[in-house]
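If you want the building blocks of each chain, they are given just below.
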Amino acid sequence: MKSEFIMKKPSIIPFADVLSRVFFALGETVNSEHSKFFPMKRIYFLIATMLVTGICSAKEEQPKLMPLPAISPGLQFSRLFNDHMVLQRDAKVKVWGWATSGEKVAVEFGGQTKSSTTAGDGSWQVELDPMSANATGQTLTVSSASSGQKVEIKDVVIGEVWLLGGQSNMAFPFWIRSDGFDKTQVEANPQYRNIRCVTTLNGFNPDWVKLDWVHKDPQKEIPFKNEWVVFGPDCTPDWAPNFSAFGFFFAKNLYDQLKVPIGLVDTSVGGTLAHYWAPADAQKKIPVLELFFTLPIWTPGCLYNSTIWPIRNMKFRGAAFYLGENNSMTDPLSIFEPSYRAVISSWRQTFQYAEMPFLIVQTSACDDAKHLYRPGNHNLIQQDQFLIHRTTPKTGFVVTADDLHTDLHVLRKQSHGERAMRWAMAEVYAKSLPPGTKAPTWGSPAFKSLETQGSKLILHFDVMPGEELKLTGDPAGFVVAGEDKMFSEAQAELVSKTSIAVWSDKVNKPIAARFGWSSRPILNLWTASGLPLSPFRTDDWPLK
């Protein structure tokens, strides 16, 4: 199911862009081989098509944006602050909330007391001194002597806090189990109760009718006051509370290494595009986005305004962003790279963290089976993501292309979480490693150059220190082409730890090679430590 019908003609009818997102997200969810929860996938798709088509032919009317839920009167914490939350260790931590203008408040936590006077807009804020990691729950209190009010948040722990963003592959909850994963390995393990997650926009199952969580202007507060979910047996039954599967496996692997509480703030929403997640002002100079500013609701910055800006005072160790599937279905594709770069730069600016570690999780695709060569727009999005990573300091990259299946939602999140941890331990927590401990390798080798030797192409790669290339099967996943630009299956052999020869009996004089260019690719070139090579190409020809 594609959404570009609406995106190509954003002015066709104001409601159409809303409904396309509603039913795209629904169709994206139900179109799964694991559809015991959603057996009517084809019917939903038909309904979606008819409704969007019908509305597009109707009389144009401007939709009404629902106002965000009002901040209730009285002393209170920000909606992000709730029982079981995690605060960032070893950093000055801001605590904020709302009260009557001019009211003096006192915040107490961990032996500290900090005071503040409520500003004219009703906001108050204090800053706690840095604290060491602590898995023992403590009570966070705010009180007002003048009003006599007191508010408590219980079981607050101190550890590592990560910001999660993107679309449904990030929001995809743990209870829809990953293939081949035994939930009993973790659900009864009490140490994993130190892993906690809160969702800010109910991203896996948002309210697509009210749309009171979408806004054109930056908001003072996030729209919902959701619970921080403590990981445990309650997270595994069908329709359990939302707990990002990717987030859990990332956090689990981090916890196994660091042994401190891990907190996740999940802002992701299914079916979204990159330009929703960066402020509008940061994207106004992107020419290809000009048309998107005319949309009535889904304008650049709309979700940044609703959930990123309101939590700008939160202290994070870093961010992970899993998005690109809908961009691969939206014209023009050229909006993706500049808007994705804007997400990274604007989040770093918003959280006043110029070198905020930012993990790029490779976008997914799907197909009925693995194919050696069946390129699609997702390959161009993946190419953009890898380029962004290679040209943006302090970013990580997780390859997901080896775990694809018949659904856009990758069910095997375990390997992605482990790869994310390898990046984090090597690049973010290297100083936390015990003396003499070697940091893990991470990422994907990058194509560097090629040379021609007779009828063969020799491809050279930048390989991570301590790594080497390994062929793990046949075919390796390569195709080659000559001047006619017609690609044929290629044979491959390693010629060194960082180079590989590729050739085809059908191509006498190859000049270009592609690897993994398919919706569900064959990837049999890995590193010695078990990391797959990301799909790439040596040419800049048209997609097919």
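Nothing here was measured: the structure is a model prediction, and the numbers come from that model.

**Student:** Residues and numbers for the packing of aromatic side chains, please.
**Tutor:** What the rule picks out here adds up to 37 aromatic pairs. Pairing Phe248 with Phe249 gives two aromatic rings, centres 5.3 Å apart and planes at 70 degrees, and the pair type is edge-to-face. An identical accessibility class is assigned to Phe248 and Phe249; each is buried. If you follow Arg312 out to its NZ or CZ, it ends over the ring of Trp309, 4.0 Å from the centre.

**Student:** Explain the side chain of Thr118 to me, using residue names and the numbers behind them.
**Tutor:** Within the fold, Thr118 resides in the loop between strand E5 (112–117) and strand E6 (123–128). The exposure class of Thr118 is buried, given its relative accessible area of 4%. If we ignore the near neighbours within four places in the chain, the residues touching Thr118 are Ala99, Thr100, Ser101, Gly102, Glu103, Val105, Ser123 and Trp124.

**Student:** Could you give an account of the environment of Pro510, with specific residues and numbers?
**Tutor:** For Pro510, the location among the structural elements is in the loop between strand E21 (499–503) and strand E22 (512–515). Leaving out residues up to four positions away in the same chain, Pro510 has contacts with Thr452, Ser455, Lys456, Leu457, Val480, Ala481 and Gly482.

**Student:** Tell me about unusual backbone geometry, and please be specific about residues and values.
**Tutor:** A cis amide bond links Asp331 with the next residue in sequence, Pro332, at an omega value of -10 degrees. With respect to the helices and strands, the residue Pro332 is situated in the loop between strand E12 (318–322) and helix H8 (336–350). The peptide bond linking Asp474 to Pro475 adopts the cis configuration, its omega dihedral lying at 5 degrees. Within the secondary structure, Pro475 is located in the loop between strand E17 (469–471) and strand E18 (478–481). Its identity as a non-glycine residue notwithstanding, Leu211 has a phi of 55 degrees, on the positive side. Among the secondary structure elements, Leu211 is positioned in the loop between strand E9 (195–199) and strand E10 (229–230). Relative accessible area serves as the criterion here: at 5%, Leu211 is assigned to the buried category. In this structure, Lys394 is a non-glycine residue whose phi angle is positive, near 65 degrees. Among the residues examined, Lys394 registers a relative accessible area of 47% and is labelled partly exposed.

**Student:** How would you summarise the pairing of strand E14 (residues 395–398) if you had to cite specific residues and measurements?
**Tutor:** The alternating pattern of E14 places Thr395 and Phe397 on one face and Gly396 and Val398 on the opposite face, and all of these are buried. Examined bridge by bridge, strand E13 (residues 358–361) and E14 share four bridges and lie parallel to one another. Each bridged residue has a counterpart across the sheet, and for Leu359 the counterpart in E14 is Gly396.

**Student:** Describe the sheet that holds E18, and please don't skip the residues or the numbers.
**Tutor:** If you walk across this open sheet you meet the four strands as E19-E18-E22-E24, and the pairing is antiparallel. Where the open sheet ends on each side, the last strands, each with one partner, are strand E19 (488–489) and strand E24 (536–537). Examined bridge by bridge, E22 and E24 share two bridges and lie antiparallel to one another. The residue bridging Arg514 from the neighbouring strand is Arg537, located in E24.

**Student:** Talk me through the pattern of salt bridges; I want residue IDs and the actual numbers.
**Tutor:** Applying the stated rule across the entire model yields 20 salt bridges. With a shortest N-O distance of 3.8 Å, Arg374 and Asp368 are connected by a salt bridge. Assessed through its relative accessible area of 55%, Asp368 is described here as exposed. Between Lys456 and Glu493 there is a salt bridge; the shortest N-O distance is 3.4 Å. Remark: Glu493 occurs in strand E20 (residues 491–496) and Lys456 occurs in strand E16 (residues 456–462); sequence separation between them is 37 residues. Using a relative accessible area of 26% as the deciding quantity, one classes Lys456 as partly exposed. For Glu493, a relative accessible area of 35% translates into the label partly exposed.

**Student:** I'd love a proper account of the pairing of strand E7 (residues 134–143), names of residues and values included.
**Tutor:** The sheet contact formed by strand E4 (residues 104–109) and E7 spans three bridges and is antiparallel. Within the sheet, the bridge partner assigned to Glu108 lies in E7 and is Thr141. Relative to strand E8 (residues 150–166), E7 is paired through six bridges, and the arrangement is antiparallel. By the bridge assignment for E8, Val142 is matched with Val151. Where E7 folds back on E8, the antiparallel hairpin that results is connected by six residues, among which Gly148 adopts a positive phi of roughly 75 degrees.

Conventions used here
Residues numbered from 1 in each chain as written. Predicted model: local features only at pLDDT ≥ 70, side-chain atom pairs only at ≥ 80, totals over all residues. Heavy atoms only, no water. Phe/Tyr/Trp six-rings, centres within 6.5 Å; stacked < 30°, edge-to-face > 60°. Buried < 20%, exposed > 50% of the residue type's maximum accessible area, 1.4 Å probe, protein only. Lys NZ or Arg CZ within 6 Å of the ring centre and 35° of its normal. Helix = DSSP H or I, 4+ residues; strand = E, 2+ residues; numbered from the N terminus. Contact = heavy atoms within 4.5 Å. Pairing = 2+ DSSP bridges. Salt bridge = Lys/Arg side-chain N within 4 Å of Asp/Glu carboxyl O.

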